[in-house]
Amino acid sequence: MPRFLLSAATAGLVFACVSLPAQAATDIQWWHAMNGKRGTILEEMAQEFNRSQEDYRVITSFRGAGNKAVTKAIEAIRGDGQPHILQVPDAGTGTMMQNDEDIIYPLHELMEEHGEPLDTEAFLPAIVAYYRDAQGRMPTFPLNVSTPIMYYNRDVFKEAELDPDEPPTTWYGVAQAATAITNSGAAECGFTAAKPSWTLLENLSAVHNLALATQQNGFGGLDAKLEFNNETVARHWDNLHIWQGSDVFRWSGADEGSNAEPMFYAQACAMLLGSSAARADVANNASFDVGYARQPYYDDVEGAPQNAILGGSSLWVMRGHSDAEYDAVAAFFDYLSKPGVQAKWHQKTGYLPITQAARKQGEEQGFYKANPGASVAFEQLTQKPPTDNARGTRLGNFMEIRQVIIEEMKAVMDGDKNGEEATDDAVSRGNQLLRDFEADNAEADNA
């Protein structure tokens, strides 16, 4: 606050107003897991919030992609060095939901206690369905939401005498197009896939209305069991191995398929199954005309295609800070919810708009007419009424389970196992991790 001082001058009484420096803004730390173009856009969004007012300042810190930021936050909690806001991948949602409120400050409590609105009805229904707790409350802020889509090289399609306006819709159609591409010499391989557990199992299951696990894919309780060792998944993994042998498919690596996007950018592979949120990086790196299509499905599976399931991550608030700092966090979340902010984030990155208003703003601006591929992910997520198998996955230790899935999938690609053996082993190993998580949390509940 300004402080006023009276001073006497030799020539007479002079009133002078002397102000102390303005009070420093309250800083809050946001640890995130985004690099590349999306990381740049995220940091710009925080800077725009900082410029929009003078009371608070968000300081972003990249702490490693994927699960690395979560691991570092857990280590920081032990030394009281935790951030205010932590970005957690969707696979960590089930684990975070079980955290004690001495560690997590639920979003719905934060916003109410610090006088900021939180209208869950404003969010897209599929997002609310995934992130709400058993009481229908929102404990976390769904910052970035995506689904897998198929990117394809329209120039390569033309060279292979394929119609770039008619991309394949089924898996056998993808294999047929890929064969034509490699036979023509237009590209070295037909297609590749990033995030193999998410794209080649989790969403494969959802699109075919197949359960990944019991208890509504984990939403119904900690005693859920994996059950994705079915004929369709086993067949698909076997097909991938067969297709790999003729360059129809190329395995992108066990590290979350990190080689997939570079192979697409280099035009080594003509099609890429990856996150809709890769659109910013694709636009930044591709030197060719890019097409966008829905993820493929097997048309001999009854009911397919069903909705895709969402991925991405959400923002969790950590305990251990002052009320003034939580005022800043609540104000920042209110800012992130604004239609204009969400529309810009969605349009620049490829993530879905999390609110109805942001989606409407894009339509009014003509964004979807000018950018046809931008609506594909939204359409996949909302094309049908959701089933229990297409709501998402909420399983404890799921980040570790995903690594098990990738290891077993790689065994098929390497020819060490067939699809049936690998899916059986993935289910068995994954269920042990689920039982470990259930036991740990049962002990915590009884402590």
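Placed above this text is the structure.
Residues numbered from 1 in each chain as written. Predicted model: local features only at pLDDT ≥ 70, side-chain atom pairs only at ≥ 80, totals over all residues. Heavy atoms only, no water.

**Here's the deal with the overall build of the protein chain**
Item 1. Each helix and strand counted, the protein chain has 19 helices and 13 strands in total.
Item 2. In summary, the protein chain has a C-alpha radius of gyration of 25 Å against a globular reference of 22 Å for 447 residues, a match within 12%.
Item 3. With the C-alpha coordinates aligned to their principal axes, the bounding extent of the protein chain is approximately 95 × 55 × 35 Å.
Item 4. By residue count, 53% of the 447 residues in the protein chain fall in the buried class.
Item 5. Considering only contacts within the protein chain whose residues lie at least 6 apart along the sequence, 77% involve residues at least 24 apart.
Item 6. With the model as given, the accessible surface of the protein chain reaches about 19,300 Å², and the carbon-plus-sulfur share is 47%.
Item 7. In the protein chain, 34 positive and 62 negative side-chain charges are present, and the distance between their average locations comes to 5 Å. (Helix = DSSP H or I, 4+ residues; strand = E, 2+ residues; numbered from the N terminus. Rg over C-alpha atoms; globule rule 2.2 N^0.38 Å. Buried < 20%, exposed > 50% of the residue type's maximum accessible area, 1.4 Å probe, protein only. Contact = heavy atoms within 4.5 Å. Areas by Shrake-Rupley, 256 points an atom, 1.4 Å probe, with all protein chains shown as cover. Lys, Arg positive; Asp, Glu negative; His and termini not counted. Charge placed at Lys NZ, Arg CZ, Asp CG, Glu CD.)

**Focus on the environment of glutamine 342**
Item 1. Tracing the chain through its elements places glutamine 342 in helix H14 (residues 339-349).
Item 2. The spatial distance from the C-alpha of glutamine 342 to the C-alpha of glycine 362 is 9.9 Å, given a sequence separation of 20 residues.
Item 3. Ignoring anything within four residues of it in the chain, the contact list for glutamine 342 reads Leu336, Ser337, Ile354, Thr355 and Ala358.

**A word on the sheet that holds strand E12 (residues 290-294)**
Item 1. Sheet architecture is open: 5 strands sit in the order E10-E9-E11-E8-E12, paired in mixed fashion. Since the sheet does not close on itself, it has two edges, and those belong to strand E10 (249-250) and E12, each with one partner.
Item 2. Pairing of strand E9 (residues 189-193) with E10, which is carried by 2 bridges, proceeds in the parallel orientation. Residue pairing for E10: phenylalanine 191 is matched across the bridge by phenylalanine 249. (Pairing = 2+ DSSP bridges.)

**Details of the layout of surface pockets**
Sizing a probe to match a water molecule and rolling it over the atoms shows the empty space that remains.
Item 1. Taken as a whole, the second largest pocket holds about 550 Å³ of empty space.
Item 2. Along its surface, the second largest pocket is lined by 28 residues, and Met97, Gln98, Asp133, Ala134 and Arg394 are the ones closest to its centre.
Item 3. Considered class by class, the residues forming the lining of the second largest pocket number 13 nonpolar, 8 polar and 7 charged. (1 Å grid on protein atoms, 1.4 Å probe; cavity = no way out; pocket = protein on both sides within 12 Å on 5 of 7 lines; lining within 4 Å. Points joined across faces, edges and corners; volume = space filled by probe spheres on them. Nonpolar A, V, L, I, M, F, W, Y, C, P; charged D, E, K, R; others polar.)

**Details of the side chain of threonine 170**
Item 1. Inspection of the secondary structure assignment puts threonine 170 in the loop between helix H6 (154-159) and helix H7 (171-184).
Item 2. Residue classification places threonine 170 among the buried positions, given a relative accessible area of 14%.
Item 3. Setting aside its immediate chain neighbours within four residues, threonine 170 contacts Pro296, Tyr297 and Asp299.

**Examining the state of the cysteines**
Item 1. Evaluated as defined, the whole model comprises 1 disulfide.
Item 2. With a sulfur-sulfur separation of 1.8 Å, cysteine 189 is cross-linked through a disulfide to cysteine 269. The chirality of the disulfide connecting cysteine 189 with cysteine 269 is right-handed, given an S-S dihedral of about 130°. In this pair, cysteine 189 sits in strand E9 while cysteine 269 sits in strand E11 (residues 269-275), placing the two residues 80 residues apart along the sequence. (Disulfide = S-S within 2.5 Å.)

**Details of the pairing of strand E8 (residues 148-153)**
Item 1. Judged by how many residues are buried, E8 sits mostly within the fold: 6 of 6 residues are covered.
Item 2. Burial along E8 is two-sided: Pro148, Met150 and Tyr152 and Ile149, Tyr151 and Asn153, pointing in opposite directions, are all buried.
Item 3. Bridge analysis of E8 against E11 gives 5 bridges, and the strand direction is antiparallel. Its bridge partner lying in E11, methionine 150 is registered against leucine 273.
Item 4. As paired elements, E8 and E12 share 5 bridges and run antiparallel to each other. Across the sheet, asparagine 153 pairs through a bridge with valine 290, a residue of E12.

**As for the packing of H7 against helix H10 (residues 231-245)**
Item 1. The geometry of H7 relative to H10 is characterised by a closest axis approach of 12 Å and an angle of 0° between their N-to-C directions. Considered as vectors, H7 and H10 are oriented roughly parallel to each other. Between H7 and H10, the contacting residues are Trp171, Tyr172 and Ala175 on the first element and Arg235, His236, Asn239 and Trp243 on the second.
Item 2. For the contact of H7 with H10, a count of residues per class yields 4 nonpolar, 2 polar and 1 charged. (Axes fitted to C-alpha atoms, helices over the stretch in contact; angles between N-to-C directions. Parallel < 35°, antiparallel > 145°, perpendicular 65-115°, else oblique.)

**Focus: the side chain of threonine 232**
Item 1. Looking at the secondary structure, you find threonine 232 in helix H10.
Item 2. The class for threonine 232 is buried, based on a relative accessible area of 8%.
Item 3. Those residues in contact with threonine 232 that sit more than four places away from it in its chain are His208, Leu210, Tyr298 and Val301.

**Some words on H7**
Owing to its 3.6 residues per turn, the α-helix brings residues three or four apart onto one side.
Item 1. Between its terminal C-alpha atoms H7 stretches 20 Å, which fits the 20 Å expected from 14 residues at 1.5 Å a residue.
Item 2. Taken together, the buried positions of H7 are occupied by Trp171, Gly173, Val174, Ala175, Ala177, Ala178, Ile181 and Thr182.
Item 3. Buried-residue contacts for H7 involve E8, H6, E9, helix H8 (196-207), H10 and E11.
Item 4. One or two residues past the end of H7 sits glycine 185, with phi positive at roughly 80°. (Expected span 1.5 Å × (residues − 1).)

**Description of empty space enclosed by the protein**
Item 1. For the coordinates displayed, the defined rule picks out 3 cavities of 30 Å³ or more.
Item 2. Taken as a whole, the largest cavity spans an internal volume of roughly 60 Å³.
Item 3. Lining the largest cavity are Ile149, Tyr151, Ser276, Arg279, His346, Gly350, Tyr351, Leu352, Gly373, Ala374, Ala377 and Phe378.
Item 4. Among the secondary structure elements, those contributing two or more residues to the lining of the largest cavity are E8 and helix H17 (376-382).
Item 5. Each residue belonging to the lining of the largest cavity can be placed in one class, and the counts come to 7 nonpolar, 4 polar and 1 charged.

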